[in-house]
Amino acid sequence: MKSDSFETYINHPTWGLLCRVCMFEQNQELFTTLYAQRLFFLVTSEPKGIKFQSIGRAEARMMLENRLRYLRRTGQTQEYDQLQSVFKLTFQ
């Protein structure tokens, strides 16, 4: 896994390089294919390794919308603003 201050990448065994869209929980993140941003994966870190679960575009969008609502409700404005930008680039 490669990471810098703004972006996190992970290598999927079939689809290649994935880019992190957002983090949901400490061990669960949403990734998308780097270039097309059409395939989405819920990536879970487990003690025995990393688990990739493919999800549809509509489900990924709904998960991001729920995360945005949570961030707004809890007053995490900086993370909300960053995720709002990612949301617009990815889904609009």
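Data block above holds the structure.
The structure reproduced in this document is the subject of the present report. Counting of residues starts from 1 at the beginning of each chain's written sequence and follows it residue by residue. The predicted origin of the model limits local features to residues at a pLDDT of at least 70 and limits the giving and counting of side-chain atom pairs to 80 or more, whereas totals for whole chains, interfaces and linings rest on all residues. Side-chain numbers come from the whole structure's heavy atoms, not from hydrogens or water.

Quick word on the overall build of the chain
Stated precisely, the cut-off is as follows: A helix here means a DSSP run of H or I that spans at least four residues, while a strand means a run of E at least two residues long, and both kinds are numbered starting from the N terminus. We compute the radius of gyration from the C-alpha atoms alone; for a globule the expected value is 2.2 Å times N to the 0.38, where N is the number of residues. Exposure categories follow from relative accessible area, calculated using a 1.4 Å probe and restricted to protein chains: below 20% of the type maximum is buried, above 50% is exposed, and the middle band is partly exposed. In this description, accessible areas are obtained by the Shrake-Rupley approach with a 1.4 Å probe, and a residue is regarded as covered only by the protein chains that are shown. In this charge count, Lys and Arg are treated as positive and Asp and Glu as negative; neither His nor the chain ends contribute. To locate a charge, take NZ of a lysine, CZ of an arginine, CG of an aspartate or CD of a glutamate.
In terms of helices and strands, the chain carries 2 helices and 6 strands. Start at the N end of the chain and walk to the C end: the helices and strands fall as β-β-β-β-β-β-α-α. The C-alpha radius of gyration of the chain comes to 13 Å, within 12% of the 12 Å expected for a compact globule of 92 residues. For the chain, the spread of C-alpha atoms along the three principal axes comes to 35 × 30 × 25 Å. Residue burial in the chain is summarised as follows: out of 92 residues, 35% are buried. Of the roughly 6200 Å² of accessible surface on the chain, 50% is carried by carbon and sulfur atoms. Across the chain, the 12 positively charged side chains and the 9 negatively charged ones have centroids separated by 5 Å.

Considering the packing of aromatic side chains
Where we set the bar: Only rings of Phe, Tyr and Trp enter the pairing, Trp through its six-membered ring, and a pair is recorded when the two centres are within 6.5 Å. The plane angle decides the type: under 30 degrees is stacked, over 60 is edge-to-face, the rest tilted.
The full count for this structure, using the stated rule, is 3 aromatic pairs. Each ring, one from phenylalanine 40 and one from phenylalanine 91, has its centre 5.5 Å from the other, and the planes form 15°; the classification is stacked. Highlighted residues: phenylalanine 40 in strand E5 (residues 40-46) and phenylalanine 91 in helix H2 (residues 77-91), separated in sequence by 51 residues. A relative accessible area of 1% means that phenylalanine 40 is categorised as buried. Take phenylalanine 91: its relative accessible area is 8%, and that puts it in the buried class. Centre to centre, the rings of phenylalanine 41 and phenylalanine 52 are 6.4 Å apart; their planes meet at 90°, and the pair counts as edge-to-face. You can see phenylalanine 41 sitting in strand E5 and its partner phenylalanine 52 sitting in strand E6 (residues 49-55), a full 11 residues away along the chain. For phenylalanine 41, a relative accessible area of 4% corresponds to the buried category. Classification of phenylalanine 52 as partly exposed rests on a relative accessible area of 25%. Pairwise contacts between aromatic rings join Phe40, Phe87 and Phe91 into one cluster.

Some thoughts on the environment of isoleucine 10
Inspection of the secondary structure assignment puts isoleucine 10 in strand E2 (residues 8-12). Overall, isoleucine 10 belongs to the buried group, its relative accessible area being 4%.

Notes on the nonpolar core
Spelled out, the test is: Only buried residues count toward a nonpolar core, which is a set of Ala, Val, Leu, Ile, Met, Phe, Trp, Tyr and Cys residues joined through side-chain atoms within 4.5 Å. Between two residues, a contact is recorded if the distance between any of their heavy atoms is within 4.5 Å.
Counting 16 residues, the largest nonpolar core has Phe24, Leu30 and Leu64 as the members making the most contacts within it. Mapped onto this core, the elements with two or more residues apiece are strand E3 (16-25), E5, helix H1 (57-73) and H2. Top contributing element to this core by residue count: H1, with 5 residues. In contact with phenylalanine 24, not counting residues within four places along its chain, are Glu29, Leu30, Leu42, Met63, Leu64 and Arg67.

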